[in-house]
Amino acid sequence: NAGVTQTPKFQVLKTGQSMTLQCAQDMNHNSMYWYRQDPGMGLRLIYYSASEGTTDKGEVPNGYNVSRLNKREFSLRLESAAPSQTSVYFCASKLTGSTEAFFGQGTRLTVV
Amino acid sequence: DAKTTQPPSMDCAEGRAANLPCNHSTISGNEYVYWYRQIHSQGPQYIIHGLKNNETNEMASLIITEDRKSSTLILPHATLRDTAVYYCIVSAVHNAGNMLTFGGGTRLMVKP
């Protein structure tokens with residue numbers, strides 16, 4: 001059981017480049033989330049998707065877009081990367097009404 | 001969601017109980033107390049949650065005061081592998097819109 005899988009694990013971008021972070025879960029969860037974590041800080045919610053076909057902004061959505069491709073997959077896109085987006089990005093999922101969220105292992109992104 | 005206050009760091013001797021406090025004086029009646037931990041910048045891992053009764057599972061115990069304004073996570077026999085950042089989170093009902101809001105957490109160092 002893979003749980004929540006994020007790709008890539010590491011990425012270096014130049015300022016202005018674009019990229020998409022991928023997230024997939026195999027637990028049939030309807031809710032999925034993207035967080036970012038800056039050094040020494042807690043996680044901050046970027047976007048979430050309560051169900052397939054819906055997405056909503058979290059605490060820090062500026063500079064990002066998301067797509068809930070299907071029930072399994074939730075991608076995060078940086079259209080024009082900035083150094084301020086250097087961070088570790090975590091994807092999470094859970095079943096609505098459950099108490100436990102499951103997290104991926106993170107994508108470490110550096111923008112130079 | 002109610003804010004939480006945790007000490008930034010704590011030490012514990014291996015084999016002893018680790019007691020991690022959390023203040024949540026503005027907690028509402030429908031908000032649960034959740035605990036997650038993050039080891040070596042991996043994705044956070046769910047530990048336990050509770051509403052007003054004390055809870056115990058295979059990982060830890062959660063003690064919530066009668067007025068619900070504070071709680072304590074207890075790791076009964078801490079091991080070196082319990083070294084991690086522990087997050088106390090309060091959140092309302094378990095729906096996708098009320099996702100978990102992470103603060104700074106407590107960095108627990110278990111020492112030999």
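Below is a summary of the structure that appears in this document. Keep in mind the model is a prediction, meaning the values are calculated, not measured.

1. A short note on the interface of chain B and chain A
Phase 1 of the analysis: Facing 18 residues of chain B, the contacting portion of chain A comprises 22 residues.
Phase 2 of the analysis: Roughly 1,700 Å² of surface becomes buried between chain B and chain A when both sides are summed, with 58% attributable to carbon and sulfur atoms.
Phase 3 of the analysis: Here chain B and chain A share 4 residue pairs in polar contact (both at pLDDT 80 or more) between them.
Phase 4 of the analysis: When residues of the side of chain B that touches chain A are traced back to their parent elements, those giving at least two are β3 (32-38) and β4 (45-50) of chain B.
Phase 5 of the analysis: Top element by residues in the side of chain B that touches chain A is β3 of chain B. It accounts for 3 residues.

2. Overview of the nonpolar core
Residue and element names in this part refer to chain B.
Phase 1 of the analysis: Counting residues in hydrophobic clusters, the biggest one holds 22 residues, and the most contacted among them are Trp35, Leu73, Tyr86 and Leu108.
Phase 2 of the analysis: Elements supplying a minimum of two residues to this core: β2 (18-23), β3, β4, β6 (61-64), β7 (70-75), β8 (84-91) and β9 (106-111).
Phase 3 of the analysis: It is β8 that contributes the most residues to this core, 4 residues altogether.
Phase 4 of the analysis: Beyond its immediate chain neighbours, meaning those up to four positions away, Leu73 contacts Ala18, Asn19, Leu20, Trp35, Ile47, Ile48, Ala60, Ser61 and Tyr86.

3. With respect to the pairing of strand β8 (residues 74-78) of chain A
All names here are of chain A.
Phase 1 of the analysis: Taken across its 5 residues, β8 has 4 buried, putting it largely inside the fold.
Phase 2 of the analysis: Note: strand β3 (residues 19-25) against β8, 3 bridges, orientation antiparallel. Opposite Leu21, over in β8, you have Leu76 as the bridge partner.
Phase 3 of the analysis: Across 4 bridges, the pairing between strand β7 (residues 65-68) and β8 is antiparallel. Bridge pairing links Ser67 to Ser75 in β8.

Each value, and the rule that gives it
Residues numbered from 1 in each chain as written. Chains lettered and ligands numbered in written order. Predicted model: local features only at pLDDT ≥ 70, side-chain atom pairs only at ≥ 80, totals over all residues. Heavy atoms only, no water. Contact = heavy atoms within 4.5 Å. Buried area = accessible area lost by both parts, 1.4 Å probe. Polar contact = N/O pair within 3.5 Å; in protein donor to acceptor, adjacent residues only side chain to side chain. Helix = DSSP H or I, 4+ residues; strand = E, 2+ residues; numbered from the N terminus. Core = buried A, V, L, I, M, F, W, Y, C linked by side-chain atoms within 4.5 Å. Buried < 20%, exposed > 50% of the residue type's maximum accessible area, 1.4 Å probe, protein only. Pairing = 2+ DSSP bridges.

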